[in-house]
Structures are given as structure tokens and as C-alpha cells.
Amino acid sequence: MVRLDSFSSQLPLHTRREWLRRVTMSALALTAPATGGAFEWKVVQENGRDYVRLQDIKTFYTFPRLQREGRNSWLRSNTMIIKFSNEAEDIFINNVKFCLSFPIIERDGSVLVSRMDLAKLLDPIIRPTYIENAQPFDTVVVDAGHGGHDSGAVGPYGAEKAYTLDTCFRLEKALKILGYKTILTRRSDIFLTLGERVAIANRTPRCIFVSVHYNSFGSSAMGLETFALAPQGTATTYDELKSSDMNNRRGNLRDSENIALATAVHANSLYKLRSVDRGVKRARYSVISGIEKPGILVEGGFVSSSTEGARIHRPEFRQTLADAIAGGIGNYRKALMKRSSVPQRGRTS
Ligand SMILES: [Zn+2]
């Protein structure tokens, strides 16, 4: 059960009452699930890994409908549609892309989802009020990527380090309007080590951490991607599984909050910017590995692209991204108090 008691006292009264009602509902749901008692997952072992059946996910989370058509399956409720494709390494929740730790497989007619992805991806997104010990926060540590001698990505219109700093000033203003305290890891064109950025977050009480970057890859790559720390024992989105992936990182304490925060920020940014969706992905970048607070890294678009680079160069784009990240943070805070954090982005494909 989420404990946000101290935090709730700062909310307007009607919101607080609503919050209490929701928490009470969640508590009831915990003791009396729709299945009428303790639920027994049927765990299937494949490739030395645990999987669960999509049919059981439907039952446990009380999705009214599971539809199958060819290699695709959809779990549907009034507020959420999740699309699974056999052998795929990603799923779509309300049309927003999420990279899985392990692909979807089919065995003996059953569609299987890895237990890891159920615990570390689906569960915190479907019911964020169940995130254990979710940290109340009133402060956002805003980290402008790169700086000083480290320009980051350099595109035809400018350098990442300048765009990130400008975006973070705008984000600071947007967050203050929403009532958050903010700390910027840098306020000028200086170089900070990744360790220094992590240390600022770790010594700030009641905070979450958002690192803002822009991307680079050739001249045609475009889109928005948001990174949450890879869970212990899983590969990052771009790499094969290696032995060091078995090590626990400090940030893994916050796995559930990390993915819920990434979901809220990514979905809102995608919706507001109408960017290409490159997905919520997994990484072990130092800034998100080392922090003990909920944290994410946003790649707002490609400065290397002639079209997206031109978009990013316009202040209106950076303002929209900043407002969208702030709004996503607000949605994350609300999601911890609701029964589901549904990314809103039109119909599913
Ligand atoms: Zn960067």
C-alpha cells in the first residue's frame, strides 16, 4: 500500500478526500480481489525464465476482455488497451510503446509474458497505488544534460548542452507554477560529472530526478524516448544480457516508481509534441543507476535530424516539451493516488 499521508495533507481538501476514497478502495481490492480470494499464478518456465499467461493477467487485473487475432492479443478495459504481439520485444499500452525486458512468447496456445515484465512494467503501470513505499515528493531535481567542454550531440542548428539548459529553465518555471520546489543541477554552461549530478539528487530530500537530453543518430532518426533504469537481471534495450546486468544498482530500489514516472512523462510529452514514439526504454546510464530517488532520463528529440533539429531549435518546441514534462510529473503524482496510470494517447493500433 502506498503511504502518502504526509504528502496528502498539502493537497486541497476535496482532492485529499478523493485520495482517501481511492486508497480505501484499493485496500478493499487488495483483501477481496475479484477472483474471490488468493490468486494462484500458473508459472511457466521457458529458457530458464519464469513466464505467466496472458489469460491469468486478464483474470488477476479483471480486464473484461482478452482478444486474440493472429499473432496479436489485446487486453481491454474501459480505460486501458494493451497490445501484445508474439515474439515482439515491445508492447503498446493505449498506443504508447514500451520496450520489454524479455520478448512475448507463445507456448501450447498460451501467450506468455515474462514474470519480470509483469512485476517491473505492467503491475506498476496498471495499479500504481500498489507501489510499495512510494516516495512522497515535493521537489524535482532537474538535470540539464552535458555542459562546458561536453557539448553532447551537435546538430546542424546547435548543440545539445544549450538546448537542455534552456529546456530545464523552462521546466523549472513550469514546475514552480504547479507548486513544486526545484533544484537545477547546473544553471550555466559548466561541466558536471555524472557523479556530481547523482549526488545532488541523493542529498535532496523528498525529490524525484529528471535528466533532460537530446539525441543524435544520423540525419533521419526522429522521435522521443524515455529511459528508466533496467531492473536487476535484465538487459538494457540496446544490449544483450551480460553478467554485470545481474548486479543490483542503487536505483533499482525505485524500479516501480521509475517506470511509473517514465510512463507519465513519456505519454504526456508524446501527446503534446506529437513526436514519433521511440518508446519507454531501459538503460543503465550512470545518472539513473546511482540515484536513490525515483528518476528518469528523457531524450526529447534528435538534434542531428534536419527536420527535428529545426523543431528543437525553435523555443516553442522546448517550451512545449518543458510544459509536457511538468504535466507528466503532475500526472505521476496523481497516478500514485489512483487505481491506474493510463497513458492517454488516442486509440491503440
Ligand atoms: Zn545527452
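Look above for the structure.
Note that the coordinates shown come from a computational prediction; the quantities given were computed from them, not determined experimentally. (Residues numbered from 1 in each chain as written. Predicted model: local features only at pLDDT ≥ 70, side-chain atom pairs only at ≥ 80, totals over all residues.)

Undergrad: Please clarify how the nonpolar core should be interpreted in this entry.
TA: General note: in soluble globular proteins, nonpolar side chains tend to be found buried as a group. By size, the foremost hydrophobic cluster in this structure holds 74 residues, and its most contacted members are V140, L171, V210, I296 and I325. In this view, I296 contacts V210, T226, F227, A228, N258, L261, A262, V265 and I288; residues no more than four positions away in its chain are not counted. (Core = buried A, V, L, I, M, F, W, Y, C linked by C-beta atoms within 7 Å. Buried ≥ 20, exposed ≤ 12 C-beta atoms within 10 Å, placed from the backbone. Contact = placed C-beta atoms within 7 Å.)

Undergrad: What am I meant to see in the packing of helix α7 (residues 255–273) against helix α10 (residues 315–335) here?
TA: Working note: a packed helix pair is described by the angle between its axes plus the distance between those axes. Remark: α7 packs on α10, axes separated minimally by 7 Å, with the N-to-C direction vectors making an angle of 140°. Put simply, α7 runs oblique to α10. Here α7 and α10 pass one another in a crossing that is right-handed. Side by side, α7 and α10 meet where A260, L261, A264, V265, N268, S269, K272 and L273 of the first sit next to T320, L321, D323, A324, I325, G327, G328, I329, N331, Y332 and A335 of the second. (Axes fitted to C-alpha atoms, helices over the stretch in contact; angles between N-to-C directions. Helix = DSSP H or I, 4+ residues; strand = E, 2+ residues; numbered from the N terminus. Parallel < 35°, antiparallel > 145°, perpendicular 65-115°, else oblique. Left-handed = near helix turned anticlockwise from the far one by under 90°.)

Undergrad: Looking at this structure, I do not really get the environment of K293. What am I missing?
TA: Mapped onto the elements, K293 comes out in the loop between α8 (286–289) and β15 (295–302). Residues K293 and D255, 38 residues apart in the sequence, show an inter-C-alpha distance of 10.0 Å. Not counting the four nearest positions on each side in its chain, K293 is found in contact with Q135, A201, C207, I208, F209 and R254.

Undergrad: What is the right way to look at the sheet that holds strand β1 (residues 43–46) in this model?
TA: Strand pairing in a sheet is mediated by backbone hydrogen bonds. Such pairs are either parallel or antiparallel. With antiparallel pairing, four strands are arranged side by side in an open sheet as β1-β2-β9-β8. Two strands lie at the open edges of the sheet, namely β1 and β8 (105–107), each paired on one side alone. For this sheet the average axis-to-axis angle between neighbouring strands, irrespective of direction, equals 45°. Relative to strand β9 (residues 110–114), strand β2 (residues 49–53) runs antiparallel, the two sharing three bridges. Across the sheet, R53 pairs through a bridge with L112, a residue of β9. (Pairing = 2+ DSSP bridges.)

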